[in-house]
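Observations on the three-dimensional arrangement
Here is how the chains run, residue by residue.
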Amino acid sequence: MNPKHLVIRYFTPIAWSLFPARQIKTLHRFSSIEKDSAEQILKCLKNIKSNHLKAHLFQHVLEELYHGDLFLNVAKQDSQNHFYEEPTSINPLLPNEINHQSLRDAFAYIHIGEKIVNRDFIIYGNSSKSNLLRKVFRRAAADEELHEFSTKDILIKFCDSKWTYRFAIIKAHFKRLWTNYLNLLNIIGKMQLTIILSLIYFIVAPVCLLSLKRRLNMCNREQLIIFQDQVNSFEKSLR
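The structure presented is a predicted model; accordingly, all values stated were derived computationally and were not measured.

**Concerning the overall build of the protein chain**
- The number of helices and strands found in the protein chain is seven helices and zero strands.
- Considering the protein chain as a whole, with its 239 residues, one finds that 33% of them fall into the buried category.
- Partitioning the contacts of the protein chain with sequence separation of at least 6, the portion at a separation of at least 24 is 80%.
- Surface exposure of the protein chain reaches about 16,400 Å², of which carbon and sulfur atoms provide 61%.

**Looking at the environment of Leu72**
- For Leu72, the position within the fold is in helix H4 (residues 51-79).
- Spatially, the C-alpha atom of Leu72 lies 5.8 Å from that of Ser31, the residues being 41 residues apart in sequence.

**Quick word on the nonpolar core**
- One finds Leu57, Phe107 and Leu155 to be the most contacted residues of the largest nonpolar core, which totals 24 residues.
- Every element with two or more residues in this core is listed here: helix H3 (20-45), H4, helix H5 (100-127), helix H6 (131-157) and helix H7 (162-238).
- Among the elements that line this core, the one with the most residues is H5, at seven residues.
- Filtering out sequence-adjacent residues up to four positions away, Leu155 remains in contact with Arg104, Phe107, Ala108, Tyr165, Ala168 and Ile169.
- Within the second largest apolar cluster, 18 residues are counted, among which are Leu27, Phe71, Val136 and Ala141.

**Side note on a nonpolar patch on the surface**
- Taken together, the side chains of Ile195, Ile196, Leu199, Ile200, Phe202, Ile203 and Val204 present a nonpolar region at the surface, about 690 Å² in accessible area.
- You can see Ile195 is positioned in helix H7.
- For Ile195, a relative accessible area of 49% puts it in the partly exposed group.

**Comments concerning the packing of H5 against H6**
- It is the contact of H5 with H6, at a shortest axis distance of 8 Å, that shows an interaxial angle of 155°. When the interaxial angle is binned, H5 and H6 end up roughly antiparallel. Remark: the crossing between H5 and H6 carries left-handed chirality.
- Residues of the contact of H5 with H6, tallied by class, amount to twelve nonpolar, six polar and ten charged.

Calculation rules
- Residues numbered from 1 in each chain as written.
- Predicted model: local features only at pLDDT ≥ 70, side-chain atom pairs only at ≥ 80, totals over all residues.
- Heavy atoms only, no water.
- Helix = DSSP H or I, 4+ residues; strand = E, 2+ residues; numbered from the N terminus.
- Buried < 20%, exposed > 50% of the residue type's maximum accessible area, 1.4 Å probe, protein only.
- Contact = heavy atoms within 4.5 Å.
- Areas by Shrake-Rupley, 256 points an atom, 1.4 Å probe, with all protein chains shown as cover.
- Core = buried A, V, L, I, M, F, W, Y, C linked by side-chain atoms within 4.5 Å.
- Patch = residues over 30% accessible without salt bridge, like charges linked within 9 Å, V, L, I, M, F, W, Y side chains within 5 Å.
- Salt bridge = Lys/Arg side-chain N within 4 Å of Asp/Glu carboxyl O.
- Axes fitted to C-alpha atoms, helices over the stretch in contact; angles between N-to-C directions.
- Parallel < 35°, antiparallel > 145°, perpendicular 65-115°, else oblique.
- Left-handed = near helix turned anticlockwise from the far one by under 90°.
- Nonpolar A, V, L, I, M, F, W, Y, C, P; charged D, E, K, R; others polar.

What follows is the structure, given as structure tokens:
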């Protein structure tokens, strides 16, 4: 078991118990990934000539959309008053000019994604405390296992040799690594911004508060002097 799966298996249940909103966001992310996968395959499907392959891919699309709805429905049921984000679209796999190579690269990327998400769903399913959530993950994992092998068969059809196939797989892995690297930089950037804002809050805010208190005291003194002058004037008028 790799480190990622160890974290999911042992730390995710604890994190979801302590922070229920985290579970809702994760389910929304899975819903977004599944629906985005369906969208990417639909774009590929438009450029497939074989009717048999089109029918097979369309079934794949329907199952991905179904998975997305499953995760979204569970998220809405469990959300109650917790905040959750709407799914967002991911960068498209196909360029504007689609050709044989771009389709091969897209199916290689999809195949790698199906393989990874299949393993992830199995681990999430085994570590989930909720029976409903466990069933959803295991149902999705069963379909993703079939998708993993079917996308591999489709990818092979676009490859002239085993070397072309291996190169497409390696290229897809590097693309995923680069995407994960950019996401990590984005997370680090947000963390740095959070740290900077926290420092500003805890350092600048007390200074501003002291300054406001001093000004408030000065204003109170001035008002007290004015009030005292008014009382003295009133007393003189009575005499």
